[in-house]
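# Coordinates in review
What follows is each chain in one-letter form.
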Amino acid sequence: MYQHGKRTKQKTGGKTFLQASFVIGLSFVIVALVLKSDLANNQKEKTAVPIITEVSGAKTDVADISEPLFSMKLPRDWSQSNRVQSNSANFYEWRSNKQGGNDRMLQLHIDTMPPSYKIVRMLPLTPHGNRLNVGNISGNCIEFARDAGIEQRTQGNAPSLAKWENVTFMCDPINNNQTIGTGAVGDTIGTVLKGNSGEHKFFFYYEDHNIRPDDQIFINAVKSFEAK
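Report follows, based on the coordinates. (Residues numbered from 1 in each chain as written. Predicted model: local features only at pLDDT ≥ 70, side-chain atom pairs only at ≥ 80, totals over all residues. Heavy atoms only, no water.)

## Focus: the overall build of the chain
Counting its secondary structure elements, the chain contains three helices and 13 strands. Going through the 228 residues of the chain one by one, you find that 33% of them count as buried. Of the contacts formed within the chain by residues at least 6 apart in sequence, a portion of 53% connects residues at least 24 apart. Of the roughly 15,200 Å² of accessible surface on the chain, a fraction of 53% belongs to carbon and sulfur atoms. (Helix = DSSP H or I, 4+ residues; strand = E, 2+ residues; numbered from the N terminus. Buried < 20%, exposed > 50% of the residue type's maximum accessible area, 1.4 Å probe, protein only. Contact = heavy atoms within 4.5 Å. Areas by Shrake-Rupley, 256 points an atom, 1.4 Å probe, with all protein chains shown as cover.)

## With respect to the side chain of Glu 93
Positionally, Glu 93 belongs in strand β4 (residues 90-96). Accessibility expressed as a relative area gives 9% for Glu 93, which makes it buried. Among the polar contacts made by the side chain of Glu 93, one reaches the side chain of Gln 107 at a distance of 2.9 Å. Ignoring sequence-local partners within four residues, the contact set of Glu 93 consists of Ser 79, Gln 80, Ser 81, Asn 82, Met 105, Leu 106 and Gln 107. (Polar contact = N/O pair within 3.5 Å; in protein donor to acceptor, adjacent residues only side chain to side chain.)

## Observations regarding the side chain of His 109
You can see His 109 is positioned in strand β5 (residues 104-110). Among the residues examined, His 109 registers a relative accessible area of 6% and is labelled buried. A polar contact of 3.0 Å, which involves the side chain of His 109, links it to the side chain of Gln 107. Ignoring any residue separated from it by four or fewer positions in sequence, one finds His 109 in contact with Asn 90, Phe 91, Pro 114, Lys 201, Phe 202 and Phe 203.

## As for unusual backbone geometry
The phi torsion at Asp 111 lies on the positive side, around 65°, for a residue other than glycine. Notably, Gln 178 is not glycine yet its phi reads approximately 50°, a positive angle. Structurally, the position occupied by Gln 178 is in the loop between β9 (167-171) and β10 (179-184).

Here it is as structure tokens:
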């Protein structure tokens, strides 16, 4: 019934309810289809991408040194810097070319031992076939040198006789020289190895004036050494 001044109320019929239900239902269907599609794409991407594992150490950082009487491995940034052959000397010399590491040097003396030498630390060697077994590297030799007196231990710079793991050698009391040498257990600095070319005596001498000395470079080189 129509009354003056009052708004006529519209009746909500069943048709309107069905339309609203249809729209809501359709929305649910569309959302479900989108989620299903995204999930399928994500799974496809994960399974399609190959898994690549980088093998550590695949790239070598060492170079093979091969000479008539021996072979050895050194870091790739090292190169031969000298070769001396005379009546009083016979040695090879290598140096690091790496920026920040070019203050390291290695010498290998063969048969002719240096007439005078002094080293701060000793690495004992024992022959094993045509290779070398390494012992325990010493500390500063002045701490156990037999002829070093109290005054020499504190301020002297004259070399003195020392012995480490049954290797006798001349000790350099100046620790800042940062040198390491090798010696044969039961003997002195020269270590005899026998290869196909016969017996030869070898002495390794290492200087490392880097702010961060690296003994392992020297030890690894000696361990890789083979007499030919």
